[in-house]
Amino acid sequence: MLHPMPLAARISVVDSHTGGEPTRVVVSGGPDLGEGPLAARVERFQAQQDRFRSAVVNEPRGSDVLVGALLVPPHDTTCAFGVIFFNNVGPLGMCGHGTIGLLVTLAHLGRIGPGDHRIDTPVGAVTATLNADGSVSVANVASYRRARSVVVDVPGIGPVTGDVAWGGNWFFLVGDHGRSLDLASVEALTDLTWRIRQAVNAQGYPEVDHVELFGPGGSGGDSRNFVLCPGKAYDRSPCGTGTSAKLACLAADGDLAEGEEWVQEGILGSAFRGRFTWEDRPSGRILPVVTGTAHVTAESTLILDPADPFCWGIRVE
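Let me sum up the structure you'll find in this document. Per chain, residues are indexed from 1 in the order of the written sequence. It should be noted that, the model being predicted, local features are given only for residues of pLDDT at least 70 and side-chain atom pairs only at 80 or more, the latter also being counted only at that level, while totals for whole chains, interfaces and linings use all residues. Hydrogens are left out, water is left out, and the side-chain values use all remaining heavy atoms of the structure.

A closer look at the side chain of Asp-15
Numbering of helices and strands starts at the N terminus; helices are DSSP runs of H or I of at least 4 residues and strands are runs of E of at least 2. With respect to the element layout, Asp-15 can be found in strand β1 (residues 9-18). The buried label applies to any residue whose accessible area, calculated with a 1.4 Å probe on protein chains only, is under 20% of its type's maximum; exposed applies above 50%, and partly exposed to all values in between. For Asp-15, a relative accessible area of 13% corresponds to the buried category. Polar contacts, as used here, are pairs of N or O atoms within 3.5 Å; protein pairs need one atom able to donate a hydrogen and one able to accept it. Residues neighboring in sequence count only if both atoms are side-chain atoms. Within polar-contact distance, the side chain of Asp-15 engages the side chain of Arg-24 at 2.9 Å. Any two residues whose heavy atoms approach within 4.5 Å are treated as being in contact. In this structure, Asp-15 is in contact with Thr-23, Arg-24, His-295, Val-296, Thr-297 and Ala-298, ignoring residues within four places of it in sequence.

In structure tokens:
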């Protein structure tokens, strides 16, 4: 039997950031989503506990860029933990930066030590390794390119060509966009990628909720990206699932060898290191590994006061 969130509650959380992108792990006080596969539990979370999601990550307690991570018991018996990731508009299938932040948080709390840790997610189990230097390597779900060189007509922009790929979330990846990928251009980049996403959704790919632009890397980087997330906030990190999708495209084109390292910079210049092995070469399915570093920034208790008119967060209905 499922138990609804009480009208008043205290939620224990630990905040961190991975390459500049924040994660808020719900350590205790979250809703009981029952048992069963996480894919089913995330549906219950969305249908029955959406105001909890909003309360944790939306203003006034959070922000559009914040990603939440709800710890739950795993369904997969090979896993030590289960997690449901969510942002300002809804649940996420998988979150690479969030998984890195989750492991660093669990280590901070003394719940894990260095080594491999299996984590159950709504899109499948992943193995995350807490390395001796404090970095985390995420062996993500199998990733692949679904469609190559898809041309969409973007209102106000014209034709844009990109690849549709899966890396734990669905991406439209664009290399030829003619824009400078720097912080001074964030407003223009957000407008462009939002227009691209709407066009991609309208023209045959409604599942795509992330848009990823690529350009030349900086010192030591193979590439720099700008990633627009589902809630119209840009990813401050290089994006773990986006890096996985990029690796799948590179592998499919023969531009990156199995085991070769790819250094992916984000818009802030922070970097993830990626590599892959083939799961099934004929179908283009790879097993990506993404490595990055997170830092804990706060431990706190969120208070959900029923007398507060914004108890459940500020959101667009």
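Quick notes on the packing of aromatic side chains
Given two aromatic rings, one states the distance between the centres and the angle between the planes to describe the pair. We call Phe, Tyr and Trp rings a pair once their centres come within 6.5 Å, taking the six-membered ring for Trp, and we label the pair stacked below 30 degrees between planes, edge-to-face above 60, and tilted otherwise. This structure, assessed with the given rule, holds 6 aromatic pairs. Measuring from centroid to centroid gives 6.4 Å for Phe-45 and Phe-52, while their planes differ by 75 degrees, and the two rings are edge-to-face. No difference in accessibility class separates Phe-45 from Phe-52, as the two residues are buried. Ring plane angle 55 degrees and centroid distance 5.3 Å describe the contact between Trp-166 and Trp-170, whose orientation is recorded as tilted. Its relative accessible area of 15% is what places Trp-166 among the buried residues. Within the aromatic cluster, the residues linked to one another by ring pairs are Phe-45, Phe-52 and Phe-86. Any Lys NZ or Arg CZ found within 6 Å of a ring centre and within 35 degrees of that ring's normal is scored as a charge over the ring. A cation sits over an aromatic face here: Arg-236 above Tyr-234, 3.8 Å from the ring centre.

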